[in-house]
Each structure stands twice: as C-alpha cells, then as structure tokens.
Amino acid sequence: MGALDRPETLAVDSLGLIPGVGEAVQAFDRGRASAEALEIPFPPDAIRDVAICGMGGSAIAGDLIAGVYRDRLRRPVATVRDYILPGWVGPDTLVVLCSYSGNTEETLTCSMQAMERKSLIVGITSNGKLADLGGRQGMPIIGVPPGMQPRAALLDLFTPMLVTLSRLGVLPPIDGELDDGRAALEAAVAAYGPRVGESENPAKQLATELAGAVPVIYGAEATSALAYRWKCQFNENSKVPAFWHALPEMNHNEIVGYEGLAGFHKLAHVLMLRDARQHRQVERRFDLTRRLIEERVRGVVSISGDGDTALARLLDLVLLGDYVSLYLGCLHEVDPGPVEIIEQLKRDLASSGYGRVDGEA
C-alpha cells in the first residue's frame, strides 16, 4: 500500500478539494445547462472579436478554450489579465467578465471600461459586485455555485464560457464534443480518484514521483495553456514552486538554461504535456528536447490525455493535473486548500487604499 492509499495521508485536505474533483461531471452538467438557458440580448453577427477578462482560476478558462479551439476560432479571442482593456475593445467586442468571487478588482475595473465603450457583455460569477452590477445594468449573468476555491471551480467557469462562445458563433457547434468531454471527465474520476490504489492510479504514481521536486511543465498548441494550469495548481495545491513554458518557443531560449542549472538539476522534474494531434515538428521538438535535457534534470515524463476529441483530451489532463497536485500537497503534509499568502496580499491591498472600484470602500 502506497502512502496515498492511507486515509491519514489525505486527511490534511481540510477543504475537501480531493472529493471536490470527483464532482467534475456534475459541475460540467450544471455549467452546460446554465449556459444553454441564458438569454442573450444580442445576435452572434454583432460580434467582431472577444476579450475574456479574469484573473487566476477565472482567467485560465479562457486560455484553455482559446488553446484547444485555436484552429477553429471564428473570431479573434484574447484573455485580459489586467486593469485596462486593450484599445481595440469597442461596441462590437464581446467582453466576457469572469470572476468566481465577483469581487476581483481587475475584472471589475474592466467592467466599467466595457460599459463605457458600450461593449457586448456577458458575466460569469458566483456573487459579489459583478452579480450586483449585472442586475443593475441588465447584463446577462451566468451564476455558478458559491463557496469554492476559485481554482476548484474551473469546470463551473469553463463549461458555461465554452457553451456561450459556441452559441454566439465564436466557436463552431460542439454538442458532440461536449458529450465526449463529459465522458472523459467521468473516466478520469474513475481512473485518478482516491479510491483507486496507487499501483493502478497514474495520478498517485506521478505525485509520488514528484515528491520533493520542482515541477517544470512544458506544453504546446492545445496543451500550452494546460501547462500553465498545471503550474498554478502545483503552486496553490502543493505549495511548491513550479515553472512552465511552451514549445516551440522554449526551444529558442529556455533550453539554453539547462547548460547552467547548477544545483537545480537535482530538483527539476520535467513534465511534457503532449497531444495526439500536435504538429509533427512539435512532436519532433518534444522528442529532441527530452533527449537533450534528460541527463541534466531529476526526471522527464511525457504525458498525453485520453479521448477522441481535443476537448476530451484536454479535460482528461485537467483532472489529472488537479489530482496530482492535490496528492502531492498531501504527501508534503501540507493542507492543499488554504492560500493564506494570497489572502494576506488582498488584505494589504485593501488596507493601503488600492483596489477601489466604483466607490468601493
């Protein structure tokens, strides 16, 4: 029996994030239903381009969608992690305001600018000032369940955003792909969940392999944003430093850094997130990069998602990364739930008078 098969190892998860991942299918279903029921007051042909505004776990949903559908997007899509909307955002821009809490100051600041520019707006939130603003201004708001850590609410944010963008013609019709994605989530929970023993559980095995390491995650094309999601999950759930980059760009700069790792080579464990439909040259680059660096680091692992569609493979890897990062936190005997340093930063910002939006005290 491995350490992760013992209940006392997982007992440090005070917020129940591990069983929460097991509710992925329910989150997917309610997100799909809420987006399909949303009344949208403008037609698809009014949209020229799309700005998805959010931070942290709320923003990554937009990155994942833009990545997995990059070759089928019917409108330009950009994620805005900032206080200021780009100059090109105007009255024919769809602005998706995504804030799990509804109180993210950067997103609220962008909402003011979007209204001033008379943009087409859809909000996704659990509550807070964004929900209040939507009620006052009559903008369509997709409600998501409150009470979760934002990073644990990814599917509650990702799924309605995905369905809404398809309804508005930014993406092609995806009903069949949604069904495949749902099946992938169901299979991932069955394969990676805590009831599956370590000897048969790839998530527990990878977490054990990463104990004491610094994860370095590389993706490409559809897995590029996914590599960033994994990095953030290791930061917040495992409470470890982690790094990410994307091929082929990594081959033009970061790979040189492996010549001078010094003591870091004993800690760096490289995870390569690959996909069955990546460009053949990207596949070659993954293979060559591995050959060049594997003797300079603690380990290199290639990981691919299961599924017939790009969405299914993405969602399989999303859940694998969630489980691995949570299990790793438990192995390190740290509670994966609280993110006290982020909360302290928010308190410091509030006490110094920053972050006030529309009269916010």
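As the structure is a computational prediction, the values presented were derived from the model and not from experiment.

Engineer: Looking at this structure, how should I read the nonpolar core?
Structural biologist: Nonpolar side chains in soluble globular proteins generally cluster together in the buried interior. Of all hydrophobic cores here, the largest spans 77 residues; its most connected members are Leu94, Phe158, Trp230 and Phe234. In terms of residue count, helix H12 (residues 310-331) provides more of this core than any other element does, 13 residues in total.

Engineer: Hey, could you run me through the state of the cysteines in this one?
Structural biologist: Two cysteines, two sulfur atoms, one covalent bond between them: this is a disulfide. One pass over the full model with this rule turns up zero disulfides. The cysteine Cys110 is free of any disulfide, with Cys53 supplying the nearest cysteine sulfur at 4.2 Å. Cysteine Cys330 remains unbridged, with the sulfur of Cys232 as its closest cysteine sulfur at 19 Å. What makes Cys330 buried here is its relative accessible area of 2%.

Engineer: Explanation requested: the packing of aromatic side chains in the structure shown.
Structural biologist: When we look at a pair of aromatic rings, we describe it by the centre distance and by the angle of the planes. Applying the stated rule across the entire model yields four aromatic pairs. When the ring of Tyr228 is compared with that of Trp244, the centres are 5.3 Å apart and the planes differ by 55°; the resulting orientation is tilted. Of this pair, Tyr228 sits in helix H10 (residues 224-238) while Trp244 is found in strand S7 (residues 243-247), placing the two residues 16 residues apart along the sequence. Look at Trp244 and you get partly exposed, because its relative accessible area is 33%. Taken together, a centroid distance of 6.3 Å and an interplanar angle of 70° make the contact between Trp230 and Phe234 edge-to-face. Here Trp230 pairs with Phe234, and both are found in helix H10, just four residues apart, close to one helical turn. Overall, Trp230 belongs to the buried group, its relative accessible area being 1%. For the cation-ring pair, Lys204 lies above Tyr327, with the distance from its terminal atom to the ring centre recorded as 5.9 Å.

Engineer: How should the environment of Val214 be read in this particular structure?
Structural biologist: Tracing the backbone shows Val214 in strand S6 (residues 214-220). As for Val214 and Arg48, which are separated by 166 residues in sequence, their C-alpha atoms are 42 Å apart. Discounting chain neighbours no more than four positions away, the residues touching Val214 are Pro241, Ala242, Phe243, Phe264, Leu267, Ala268 and His269.

Engineer: Hey, could you run me through the sheet that holds strand S4 (residues 120-125) in this one?
Structural biologist: In any sheet, the strands associate via hydrogen bonds between backbone groups, in a parallel or an antiparallel arrangement. Pairing within the open sheet is parallel, and its five strands lie in the order S2-S1-S3-S4-S5. Looking along the sheet, the strands with just one partner apiece sit at the ends: strand S2 (77-80) and strand S5 (141-143). Between one strand axis and the next, the sheet turns through 15° on average, direction left out of account. Here strand S1 (residues 49-53) runs beside S2; their pairing, made up of four bridges, is parallel. If you follow Ala51 over to S2, its bridge partner there is Ala78. Against the sheet, helix H4 (residues 56-68) engages S1, S2 and strand S3 (93-99), with an angle of about 160° to S2. In this fold helix H5 (residues 105-116) packs onto S1, S2, S3 and S4, with an angle of close to 155° to the strand it touches most, S3.

Engineer: I tried to follow the packing of helix H9 (residues 202-210) against H12 on my own but got confused; where do I start?
Structural biologist: Packed helix pairs are specified by the crossing angle of their axes together with the interaxial distance, meaning the distance between the axes. The geometry of H9 relative to H12 is characterised by a closest axis approach of 8 Å and an angle of 50° between their N-to-C directions. Classified by the angle their axes make, H9 and H12 are oblique. The handedness of the crossing between H9 and H12 comes out as right-handed. Judged by residue contacts, Ala203, Lys204, Leu206, Ala207, Thr208 and Leu210 of H9 engage Leu320, Tyr323, Val324, Tyr327, Leu328 and Leu331 from H12. Here the residues of the contact of H9 with H12 are counted per class, giving 10 nonpolar, one polar and one charged.

Engineer: Even after reading the chapter, I still don't get the side chain of Thr164, so can you show me in this structure?
Structural biologist: If you trace the backbone, Thr164 turns up in helix H7 (residues 154-167). Relative accessible area serves as the criterion here: at 4%, Thr164 is assigned to the buried category.

Engineer: Sorry, what's going on with the packing of H10 against H12 here?
Structural biologist: In the contact formed by H10 and H12, the axes pass within 8 Å of each other and the chain directions differ by 20°. As far as their axial angle goes, H12 and H10 are roughly parallel. The two elements H10 and H12 cross, and the hand of that crossing is right-handed. For the pair H10 and H12, contact is made by Leu226, Arg229, Trp230, Gln233, Phe234, Asn237 and Ser238 and by Leu314, Leu317, Val318, Leu320, Gly321, Asp322, Val324, Ser325, Leu326, Leu328 and Gly329, respectively. Looking at the contact of H10 with H12, its residues break down into 10 nonpolar, six polar and two charged.

Engineer: How should the sheet that holds S6 be read in this particular structure?
Structural biologist: On the basis of which strands lie adjacent, the open sheet formed by four strands has the order S7-S6-S8-S9 and parallel pairing. Unpaired on one side and paired on the other, S7 and strand S9 (299-304) mark the two borders of the sheet. With direction set aside, neighbouring strand axes in the sheet form an average angle of 20°. Where S6 meets S7, five bridges bridge the pair, whose relative direction is parallel. Following the sheet pairing, Val216 is matched in S7 by Phe243. Seen against the sheet, H9 touches strand S8 (268-274) and S9 and runs at an angle of roughly 150° to S8. Along the sheet face, H10 touches S6, S7, S8 and S9 and points at about 165° away from the line of S6.

Engineer: Hey, could you run me through the confidence of the model for the protein in this one?
Structural biologist: Here the protein averages 94 in pLDDT, and 97% of its residues register 70 or above. Predicted confidence for residues 354-361 stays below pLDDT 50, and this span has 12 contacts to residues more than four positions away or in other chains.

Analysis parameters
- Residues numbered from 1 in each chain as written.
- Predicted model: local features only at pLDDT ≥ 70, side-chain atom pairs only at ≥ 80, totals over all residues.
- Heavy atoms only, no water.
- Core = buried A, V, L, I, M, F, W, Y, C linked by side-chain atoms within 4.5 Å.
- Buried < 20%, exposed > 50% of the residue type's maximum accessible area, 1.4 Å probe, protein only.
- Helix = DSSP H or I, 4+ residues; strand = E, 2+ residues; numbered from the N terminus.
- Disulfide = S-S within 2.5 Å.
- Phe/Tyr/Trp six-rings, centres within 6.5 Å; stacked < 30°, edge-to-face > 60°.
- Lys NZ or Arg CZ within 6 Å of the ring centre and 35° of its normal.
- Contact = heavy atoms within 4.5 Å.
- Pairing = 2+ DSSP bridges.
- Axes fitted to C-alpha atoms, helices over the stretch in contact; angles between N-to-C directions.
- Parallel < 35°, antiparallel > 145°, perpendicular 65-115°, else oblique.
- Left-handed = near helix turned anticlockwise from the far one by under 90°.
- Nonpolar A, V, L, I, M, F, W, Y, C, P; charged D, E, K, R; others polar.
- pLDDT = per-residue confidence, 0-100.

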